[in-house]
Each structure stands twice: as C-alpha cells, then as structure tokens.
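# Structural overview for review
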Amino acid sequence: MGKAGAVLMVCRTCGKKGDHWTSKCPYKDLAPPTDSFIDKPPGAETVASQSGSGKGAYVPPSMRAGAERSGTEMRRRNDENSVRVTNLSEDTREPDLMELFRTFGPVTRVYVAVDQKTGVSRGFGFVNFVNREDAERAINKLNGYGYDNLILRVEWATPRPN
C-alpha cells in the first residue's frame, strides 16, 4: 500500500509526525490556544467576521439576522383556522390535500398522519388556512365530498389539550 517508513498522521497540536493522535497529545495543555483550525474551509473566517461575533459561537436559526419566527412557532398549529379531514384513503399524501384545499384560499400548512412502520396514510389529516372564512367555505363544500372512492369528513379541528 504505502512505503515502509511513510508517516500517516501528524498531530495538529504540536506538529509531531507519527508519534500520537491529536486527541492524545501530551503537549495539548502547553500549546497556545489557536483561533483557527486547519480543517476550516476557505472563507470561514470572513463569514465569522461578517456575522458580528468573531468567537464563532453557535447562533440558533431563530436568532440569526433575517429570522422571522422561532422554531416552535413554525411547528405550532394555528388552531383557529385549522380543519380536520378524516376518512382519507391510504394513498393520500400532503400534496393531494394541498391541491384539493387550495382552491378555497391560501393554505399555510398541510399534514397527513402517516404510519411510521408502513408509510401509509392513517386516514386523517389537518389543513391550516390563512383566513377563517376560507376554512369555513372548505368545510361547507368538502364535507361529504367523494374523494378517492371515499366520502370525506371535514370539520373544525379541536384545539390540542395542554
């Protein structure tokens, strides 16, 4: 494979070749602290300096510049404009519900419950509308509607218990 005397590893802390791994370096407590790593991609220093903090501390996406809302708000369901759809076929997916419901108004979120093991629909889902009036029209028109050889039941979603 390689030459008999070839060195395969170099300690990044002390620079010794072939003696030990970086994590086991006996000189790591004596070495001066470094601000940059050898493994950093080129241009990483410029990104860190542009973000404002030069220490490279982790900033969650919700606190970064330009973030509109936090992670919990993105996952939270807006219960007041939420519609529950039941009696869905096993083949129904989120794009199918989106296509069916977007004719009534702007839809913010579509969720179809899927079995973790089999990957098929569990027969119900939720659709969130921007406007309550659009959700009301969807309930009035689609409750009792025949979809994929089944009759849909569309109703207001009950709020989650806390």
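Residues numbered from 1 in each chain as written. Predicted model: local features only at pLDDT ≥ 70, side-chain atom pairs only at ≥ 80, totals over all residues. Heavy atoms only, no water.

### Concerning the nonpolar core
- Counting residues in hydrophobic clusters, the biggest one holds 18 residues, and the most contacted among them are Val 83, Val 85, Leu 97, Phe 101, Val 127, Phe 129 and Val 154.
- At the level of elements, strand E1 (82-86), helix H3 (94-101), strand E2 (107-114), strand E3 (121-129) and helix H4 (132-142) are the ones that each hand at least two residues to this core.
- Per-element tally for this core: the top contributor is H4, with four residues.
- With residues near it in sequence (within four places) discarded, Val 83 still touches Gly 125, Phe 126, Val 127, Phe 129, Ala 135, Ile 139, Val 154, Glu 155 and Ala 157. (Core = buried A, V, L, I, M, F, W, Y, C linked by side-chain atoms within 4.5 Å. Buried < 20%, exposed > 50% of the residue type's maximum accessible area, 1.4 Å probe, protein only. Helix = DSSP H or I, 4+ residues; strand = E, 2+ residues; numbered from the N terminus. Contact = heavy atoms within 4.5 Å.)

### Focus on the pairing of E3
- By the criterion of burial, E3 is predominantly enclosed, with eight of the nine residues buried.
- Pairing between E1 and E3: five bridges, direction antiparallel. Within E3, the residue paired with Thr 86 across the bridge is Phe 124.
- Note that E2 and E3 share six bridges and pair antiparallel. Bridging from a neighbouring strand, Arg 109 pairs with Asn 128 of E3.
- Between E2 and E3, which pair antiparallel in sequence order, lie six residues; one of them, Gly 119, sits at a positive phi of approximately 80 degrees. (Pairing = 2+ DSSP bridges.)

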